[in-house]
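Chain residues, written in single-letter form:
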Amino acid sequence: MLESGSRQRKVATREAYGQVLVELGKRYPELVVLDADLSKSTKTAEFAKVFPDRFFNMGIAEQNLMGTAAGLALAGKIPCVSTFAVFATGRAYDQIRNSIAYPALDVKIIASHAGITVGEDGASHQAIEDISLMRSLPNMAVIVPADATETKKAVAAAVAHRGPVYVRLGRPPVPVLFGEDYKFRFGEAVVLREGSDAVIFATGIMVGEALKAAERLAARGSQVAVVNVHTIKPLDVETVVRLARKTGAVVTAEEHTIYGGLGSAVAEVLGEHCPAPLVRVGIRDRFGESGKPDELMKAFGLTADDIIRAVEIVQKRRDCLLGK
Amino acid sequence: MNQEVEKLIKYLEEKARCLRCHIIRMLAEAGSGHPGGSLSAVEIVTALYFHVLRLDPRNPSWPDRDRFVLSKGHAAPLLYAALAEKGFFPVEELLTLRKLGSRLQGHPDLRKVPGVEASTGSLGQGLSIGLGIALAGKIDRKNYRVYVLLGDGEIQEGQVWEAAMAAAHYRADNLTAIVDYNGLQIDGPVAEVLSPLPLAEKWRSFGWEVRESDGHNFRELLEAFSWAARVQGKPSLVIARTVKGKGVPFMENAVDWHGKAPTKEQAEEALAALKVL
Ligand SMILES: Cc1ncc(C[n+]2csc(CCOP(=O)(O)OP(=O)(O)O)c2C)c(N)n1
Ligand SMILES: [Mg+2]
């Protein structure tokens, strides 16, 4: 299932989206695509070339973008709507809330350029709170793919799913973690690595960092489980509880604010089902800034090393509780 | 021929009176809600539901049906009254408006009420939804038409103009918007709060065909709707000049009657006025 380190290619998740959209367009005649003057960046331009009659460029007008998608869904279409994550979820929040989520329409919001890895464009373009906004909406599902392979399977699953889905994609090329045999099941977290010394629940591009962290920890004799939480809503509560119980030390990792995203979702589950020490790796209540993606990941504490530190802290807390 | 038109207009006038009575009874029973903007649009909605729209109340999701989107969702009592009279659900249910467990939410919920085409209430969103339905109709080569009712205050929302621009760009001639031009919003006259005037010039410059109509005169409204159906290559707009609170003398043109329900006594007075109408 996991691609080996040496063979790792890098592909942007938005790139994979552009490709799978064309395949899905062939499979689903009712699939239509809408964009807001960013089709070259979101990669919906590929679909527009192949299916010009089923592609609508709605211009720089995100509120109408979402509303028009709602109308298309009401008339039996499956709209995939794309723009940058910050504009999709922020600029058109009320339209998503009232025109799409409340009536539970079959609209797929597939947003690119999420997180700080947008890079040089800076904070105005870096959605760090989009998971939080979408997760709090009733009826809305939230998926964050970890790599190109998962993106294709996740988008296909989102289109097959009935109801609104938010899919979060990124700008830069990221390592391809999974082979073609990788199985994606909507709502089912994937245990990529078993271990009983601690567990890392990661999402999106932090899954790769979590795997690196676990590998380095293993070299030091610490067996840490890694779980890819690709579907943040509905959350796979069973898997979270099982591994939290097994390890008693929980780390979450996301390229997103620690408020309202994966870390919060896991904290809610721990709080209600099996209180356990938790350390959240994520953006700590600040906006992003300009820089190269990998520089920013370091500056914001979102690397394998940061995850390792979090694991060590949470293990200490657990041991302290156990009186060790 | 002329006699038939007379008959139709008599029928529509009677329906309009009936819808107004429902609105008053519903609001009085609910104890809250929006009479002014419900009453101003009665003739518009009556003309659509009882003459223009091709609908099948026994099959509310008939794919070829015409669509009506109540973008100014606070006029829900009017929409519910029309749907009930049309046979989408029992008339008795109207009095459950706004009560716990009722399908008749304060603002329309398309998942609850058969015949409701869009969940609205957050102003400014209905024209986009109507445009989406119209574009789907174009893709599928269906000949249904889409009608969207906007408030004259509502069109202060930027999204309305995004949708207006897009509808003209995509030549959505199966889309007709109606502005309920009653001149009032919550805080006062639209011209004083934030003037959306001049209406016709704005919409024309956005690429729409525009026509004005007396919003309480069925002859003019029917003519306007048949004109709209003939417009080709562009979306069409009917500016319907109306009176907020129309039909209930003490509510007419009174800003205060935008969003409060009549007491039982006021409702009696309103119904008495409507009976002699
Ligand atoms: C986005 C949004 N902002 C504010 C409101 C509150 N609101 C409800 S009705 C109304 C005034 C509407 O005026 P108009 O569009 O002229 O409607 P009408 O006069 O036909 O009742 C306002 C501000 C709302 N429902 N939605
Ligand atoms: Mg008004």
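Residues numbered from 1 in each chain as written. Chains lettered and ligands numbered in written order. Predicted model: local features only at pLDDT ≥ 70, side-chain atom pairs only at ≥ 80, totals over all residues. Heavy atoms only, no water.

S.K.: For helix α11 (residues 262-273) of chain A, give the residues involved together with the corresponding values.
M.R.: Residues that lie three or four places apart on an α-helix share one face, since the helix turns once every 3.6 residues. Here α11 of chain A spans 16 Å end to end across 12 residues, near enough to the 16 Å set by a 1.5 Å rise per residue. Among all positions in α11 of chain A, only Leu 262, Gly 263, Ser 264, Ala 265, Val 266, Val 269 and Leu 270 of chain A are buried. (Helix = DSSP H or I, 4+ residues; strand = E, 2+ residues; numbered from the N terminus. Expected span 1.5 Å × (residues − 1). Buried < 20%, exposed > 50% of the residue type's maximum accessible area, 1.4 Å probe, protein only.)

S.K.: Tell me what's going on with the coordination of the magnesium ion (ligand 2), and back it up with residues and numbers.
M.R.: All names here are of chain B. Surrounding the magnesium ion (ligand 2) are the protein donor atoms Asp 152 (OD), Asn 182 (OD1) and Leu 184 (O), which sit 2.1 Å from the metal. Counting gaps between the donor residues of the magnesium ion (ligand 2) yields the pattern D-x29-N-x1-L. Residue Asp 152 is located in the loop between β2 (146-151) and α6 (158-169), and its partner Leu 184 is located in the loop between β3 (175-181) and α7 (190-194); the two are separated by 32 residues in the primary sequence. Grouping residues by exposure puts Asp 152 and Leu 184 together as buried. (Donors = N, O, S within 2.8 Å, 3.2 Å for Na, K, Ca; no water.)

S.K.: Go over the interface of chain B and chain A with me, naming the residues and quoting the values.
M.R.: In this complex, chain B contributes 24 residues to the contact, which on the side of chain A involves 25 residues. Summed over both sides, the interface between chain B and chain A buries roughly 2000 Å², with carbon and sulfur atoms accounting for 57% of that surface. By the criterion of area lost to chain A, the three top residues of chain B are Ile 139, Glu 162 and Tyr 170 of chain B, representing 24% of everything that side buries. Across the pair Lys 77 of chain A and Asp 140 of chain B runs a salt bridge, and its minimum N-O distance is 2.5 Å. Applying the counting rule to chain B against chain A returns 11 residue pairs in polar contact (both at pLDDT 80 or more). At the level of secondary structure, the elements contributing two or more residues to the side of chain B that touches chain A comprise α5 (126-139) and α6 of chain B. It is α5 of chain B that provides the largest number of residues to the side of chain B that touches chain A, a total of eight residues. (Contact = heavy atoms within 4.5 Å. Buried area = accessible area lost by both parts, 1.4 Å probe. Salt bridge = Lys/Arg side-chain N within 4 Å of Asp/Glu carboxyl O. Polar contact = N/O pair within 3.5 Å; in protein donor to acceptor, adjacent residues only side chain to side chain.)

S.K.: Provide a residue-level description of the packing of helix α4 (residues 62-74) of chain A against helix α6 (residues 93-101) of chain A, including the pertinent values.
M.R.: Residues and elements named next belong to chain A. Closest axis-to-axis distance for the α4/α6 pair is 9 Å, and the angle between their directions is 5°. Comparing their axes, α6 and α4 come out roughly parallel. Contact with α4, carried on its side by Gln 63, Met 66 and Ala 70, involves Gln 95, Ile 96, Ser 99 and Ile 100 of α6 and no other residues of that element. Considering only residue class, the contact of α4 with α6 consists of four nonpolar, three polar and no charged. (Axes fitted to C-alpha atoms, helices over the stretch in contact; angles between N-to-C directions. Parallel < 35°, antiparallel > 145°, perpendicular 65-115°, else oblique. Nonpolar A, V, L, I, M, F, W, Y, C, P; charged D, E, K, R; others polar.)

S.K.: Report on the domain arrangement of chain A, specifying residues and quantitative values.
M.R.: Residue and element names in this part refer to chain A. If you check the domain split of chain A, you get domain 1 (6-175) and domain 2 (190-321). Taking the mean C-alpha position of each, domain 1 and domain 2 sit 25 Å from one another. Each partner contributes to the interface: domain 1 provides 31 residues, whereas domain 2 provides 32 residues. When the two sides are added together, the surface that domain 1 and domain 2 hide from each other amounts to roughly 2300 Å², 58% of it contributed by carbon and sulfur. Looking at the side of domain 1 facing domain 2, the largest losses of area belong to Ile 116, Ile 128 and Arg 135, adding up to 32% of the total buried there. Summed over the shared surface of domain 1 and domain 2, the number is one salt bridge. Between Glu 268 and Arg 135 there is a salt bridge, with its nearest N and O atoms 2.9 Å apart. Summed over the shared surface of domain 1 and domain 2, the number is 20 residue pairs in polar contact (both at pLDDT 80 or more). (Domains from an automatic or database assignment.)

S.K.: Can you explain the sheet that holds strand β6 (residues 141-143) of chain A? Please cite residues and give values.
M.R.: Remark on secondary structure: sheet strands pair via backbone hydrogen bonds, oriented parallel or antiparallel. All names here are of chain A. Pairing is mixed in the open sheet, where seven strands are placed in the order β3-β2-β4-β5-β7-β6-β12. Strands with a single pairing partner mark the edges of an open sheet, and in this sheet they are β3 (55-57) and β12 (231-233). Adjacent strand axes in the sheet meet at a mean angle of 20° when their direction is disregarded. As paired elements, strand β5 (residues 108-111) and strand β7 (residues 165-168) share four bridges and run parallel to each other. Counted as the bridge partner of Lys 108 is Val 165 from β7. Against the sheet, helix α1 (residues 13-27) engages β2 (31-35), β4 (78-82) and β5, with an angle of about 145° to β2. (Pairing = 2+ DSSP bridges.)

S.K.: Kindly report on the side chain of Asn 182 of chain B, identifying the contributing residues and their values.
M.R.: Residue and element names in this part refer to chain B. In this structure, Asn 182 sits in the loop between β3 and α7. Given the relative accessible area of 8%, Asn 182 is considered buried. Separated by 3.2 Å, the side chains of Asn 182 and Ser 40 make a polar contact. Not counting the four nearest positions on each side in its chain, Asn 182 is found in contact with Gly 37, Ser 40, Asp 152, Thr 242, Val 243, Lys 244 and Asn 253.

S.K.: Please set out empty space enclosed by the protein residue by residue, giving values where relevant.
M.R.: Within this structure, the stated rule accounts for two cavities of 30 Å³ or more. The space that makes up the largest cavity amounts to roughly 110 Å³. Taken together, 13 residues form the lining of the largest cavity, with Arg 168, Leu 169, Gly 170, Ile 205 and Glu 255 of chain A sitting closest to its centre. Its residues assigned to classes, the lining of the largest cavity comprises seven nonpolar, four polar and two charged. The residue makeup of the lining of the largest cavity includes at least three contributed by each of domain 1 (6-175) and domain 2 (190-321) of chain A. Size it by volume and the second largest cavity reaches roughly 30 Å³. Lining the second largest cavity, in full, are Phe 68, Val 69, Leu 70, Leu 79, Pro 108, Val 116, Glu 117, Ala 118 and Thr 120 of chain B. It is strand β1 (residues 67-70) of chain B that provides the largest number of residues to the lining of the second largest cavity, a total of three residues. For the lining of the second largest cavity, a count of residues per class yields seven nonpolar, one polar and one charged. (1 Å grid on protein atoms, 1.4 Å probe; cavity = no way out; pocket = protein on both sides within 12 Å on 5 of 7 lines; lining within 4 Å. Points joined across faces, edges and corners; volume = space filled by probe spheres on them.)

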